[in-house]
Amino acid sequence: MEPGDDPGELDRYRQELDHYAESQSVVGITLAPTAPVTLTADGLLANLAKEVAQAHGLRKDVASLSGKALTSEAAALVDVNIQYALRRAK
């Protein structure tokens, strides 16, 4: 919603926008091996497989929030990024 022509409305709009922005938070994950380098190749692959499974779970969580806590556009953007990371992990 954009402010109208009234100068007072612009101030109200900015206050509401600032209040909204302050009330939001972001949570994320990083897809990368988290185990020490001293692990065997099998250990690293198992760790990566676990993180890929977490990413698939995150996709489901994001889909369930679409249109609720996240706008459908934001959910789609997060989902595209997760899909990209999953393709890179293959």
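Heads up: the structure comes first, above all this text.
Remember, it's a predicted structure, so these values are computed and weren't measured experimentally.

1. Things to note about the overall build of the chain
Secondary structure assignment for the chain yields three helices and zero strands. Starting at the N terminus, the α and β elements of the chain follow one another as α-α-α. Per-residue burial for the chain yields a buried fraction of 9% across its 90 residues. Sequence-distant contacts in the chain: of pairs separated by 6 or more residues, those separated by 24 or more amount to 35%. Surface exposure of the chain reaches about 7,400 Å², of which carbon and sulfur atoms provide 58%.

2. Some points on helix 3 (residues 72-89)
Helix length check: helix 3, at 18 residues, gives a terminal C-alpha distance of 26 Å against a target of 26 Å (1.5 Å per residue), a fit within 8%. Among all positions of helix 3, only Ala75, Asp79, Ile82 and Leu86 are buried. Buried positions in helix 3, seen along its axis, are confined to an arc of 65° and lie on one side of it. Those residues of helix 3 that are exposed and aimed more than 90 degrees away from the buried face are Glu73, Leu77, Val80, Arg87 and Arg88. Where the residues of helix 3 are buried, they touch helix 2 (41-65).

3. Focus on the environment of Ser64
Looking at the secondary structure, you find Ser64 in helix 2. As for Ser64 and Ala75, which are separated by eleven residues in sequence, their C-alpha atoms are 9.1 Å apart. A polar contact of 2.7 Å, which involves the side chain of Ser64, links it to the backbone oxygen of Asp61.

4. Points about helix 2
In this model, helix 2 (25 residues) spans 36 Å end to end at C-alpha, consistent with the 36 Å of a helix rising 1.5 Å per residue. Turning to helix 2, its buried residues are Asn47, Glu51, Ala55 and Val62. Following helix 2 by one or two positions, Gly67 adopts a phi angle in the positive range, close to 85°.

What counts, and where the lines are drawn
- Residues numbered from 1 in each chain as written.
- Predicted model: local features only at pLDDT ≥ 70, side-chain atom pairs only at ≥ 80, totals over all residues.
- Heavy atoms only, no water.
- Helix = DSSP H or I, 4+ residues; strand = E, 2+ residues; numbered from the N terminus.
- Buried < 20%, exposed > 50% of the residue type's maximum accessible area, 1.4 Å probe, protein only.
- Contact = heavy atoms within 4.5 Å.
- Areas by Shrake-Rupley, 256 points an atom, 1.4 Å probe, with all protein chains shown as cover.
- Expected span 1.5 Å × (residues − 1).
- Arc of directions from axis to C-beta.
- Polar contact = N/O pair within 3.5 Å; in protein donor to acceptor, adjacent residues only side chain to side chain.

Coordinates in, geometry out; function isn't part of it.
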